[in-house]
Amino acid sequence: MVYKVPDNYFFRLHHVRPRFKNNIEDVLIFIASEISKLDRMPKDDFRSELNQSIRRYPDNITKAEKTIDNWRTEISSLFGFVIQHEDSTSEPSIRALELAVDEDLVAFFKTFLYFFQYPGGHVKPKTIHDVVTAGISFKPLDYLLKLLRHARKSGEKYPGINKAEATHCIFNDLRVTRDKRNVEDTWQLIVDNRNMGIEYDWEGDVIRYAGDILDYMEIANLVRSHARFYYSNKLENQAIDWILKNPIFFTDYAKLDDLNAIGDTNFLWFDYVNQNLPENIFKTDILAYMSENEEEYQQRQDDAIFVSQDDEFDPRTTKDIGDRGEALVIAHEKMRVKIVGRSDLLHLIKHIPTHLALGYDVKSVEIDDGTHRFIEVKTTISNRSLDFSRFHLTTNEWLSAETHGSRYYVYRLMISKENKRLFILCDPVRLYKHDKIKMIPRNGAEIVFQKDSGEYVELLEWQND
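Here we summarise the structure given alongside this text. (Residues numbered from 1 in each chain as written. Predicted model: local features only at pLDDT ≥ 70, side-chain atom pairs only at ≥ 80, totals over all residues. Heavy atoms only, no water.)

**Examining unusual backbone geometry**
- Going from Tyr118 to Pro119, the amide bond is cis rather than trans, its omega being 0°.
- Along the chain, the position of Pro119 falls in the loop between α5 (105-115) and α6 (125-133).
- Positive phi values are uncommon outside glycine, yet Asp59 reaches one of about 75°.
- You can see Asp59 is positioned in the loop between α2 (43-55) and α3 (65-79). (Helix = DSSP H or I, 4+ residues; strand = E, 2+ residues; numbered from the N terminus.)

Here you go:
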């Protein structure tokens, strides 16, 4: 028997699906970096500049203009990368700028999901009108988090949900999206269907929209998946608690019944999804992200503070991925000298406070001669390994690289669920002069490197004797 929502309660929700869904993290971080360099300008000029940025993405140079236009629409409407003003000007959004600066895709998707709703400005006015007319007001993130938290307490063998169950028991059922059926009743329906062996339609076109949201929740680290089921991630309880205690909803569409009025309201929608949130509320705690359980997380915290040995730099007190990445590099550097029997050099490895503006983050040491090694750390965090062969050096960092020459290093650190990757480049100015890296002067230097620009090394984690 195949489960079917009763006709009088069936309403299929959908949203824009990026054509780059399978490569979404690479694309978003690239476009965020590109778009962050644009100024506020007339919307037609901004559209043209953004198209040029999209075309710079690898393999896009020969794509048809319509394809580029579609990418721009999907990026701007679904992810809110563009602020549209009433005076017909546009500029990069807060969300795009945050991602460009922090390179924290996990935090970005938390924020995106926090604001995502039906009805929302991520679809055309006609679709918004249909959703409003149906009486729907639904926040998928809130509902799924509550459901999965309840499921975890239920004692069921599989306290998770799959894409088909989410589609047919939640997203396409007005009893949830309109009538606010409580999560306890929905969970009981899912459990009863399992016990009775009831099946679901798993066709890709059917489950893709609910599936997208669950996939985005996994990128945000709010859920973990196993064997097609998605489970609440206990290590994200702090973020989940905050989301559930601070509900938010954009209500302006519900007041309108005219398509033109809905279209004219879209600029308010983009203001809504780009409002400021409490500082650091969703920034990723890398040590928690790297941990499988609470015990492992506590050990990583203890190791991080032991290794730093710096009263002014306590990695436990920040979720800034730059600080956390620097803490990991300090641990790596200390292990690098320790494992070759040079523990006498450990005291020379130090974190450099940002306010000193020296153009590097960590001062380390060369094992052979004891001279200084100056390290700029560039960290990206994502649910999966990315093509992380790009980074930005500020003008001050580039000048520092010129000054220190062969003693200046860039440590490009990529943290994902799959692995921890560290790529080391020595003397970027020399590499540029010898055509080993590409350097584009933009508010400093945009760097693109390849495998022969440096070397991949294993990220060493601190281990006590």
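**Things to note about helix α10 (residues 183-195)**
- Its 13 residues give α10 an end-to-end C-alpha distance of 18 Å, which sits within 8% of 18 Å, the value for a rise of 1.5 Å per residue.
- Those residues of α10 not exposed but buried are Val183, Thr186, Trp187, Leu189, Ile190, Val191 and Asn193.
- Each element contacted by the buried residues of α10 is listed here: α7 (140-153), α8 (163-171) and α9 (174-177). (Expected span 1.5 Å × (residues − 1). Buried < 20%, exposed > 50% of the residue type's maximum accessible area, 1.4 Å probe, protein only. Contact = heavy atoms within 4.5 Å.)

**Re the sheet that holds strand β3 (residues 89-92)**
- Sheet architecture is open: three strands sit in the order β1-β3-β2, paired in antiparallel fashion. The outermost strands of the open sheet, each flanked by one partner alone, are β1 (41-42) and β2 (82-84).
- Sheet topology note: the β2/β3 ladder contains three bridges and is antiparallel. Bridge pairing links Gln84 to Ser90 in β3. (Pairing = 2+ DSSP bridges.)

**Describing the environment of Asp323**
- Among the secondary structure elements, Asp323 is positioned in helix α17 (residues 321-338).
- For Asp323 and Trp269, which are 54 residues apart along the polypeptide, the C-alpha to C-alpha distance reads 33 Å.

**Details of the pattern of salt bridges**
- Taken as a whole and assessed by the stated rule, the structure comprises 32 salt bridges.
- Across the pair Asp87 and Arg40 runs a salt bridge, and its minimum N-O distance is 3.1 Å. On the criterion of sequence distance, the pair formed by Asp87 in the loop between β2 and β3 and Arg40 in the loop between α1 (24-35) and β1 is long-range, its members being 47 residues apart.
- Its relative accessible area of 48% is what places Asp87 among the partly exposed residues. (Salt bridge = Lys/Arg side-chain N within 4 Å of Asp/Glu carboxyl O.)

Take it as geometry only, folks, not as evidence of what the structure does.
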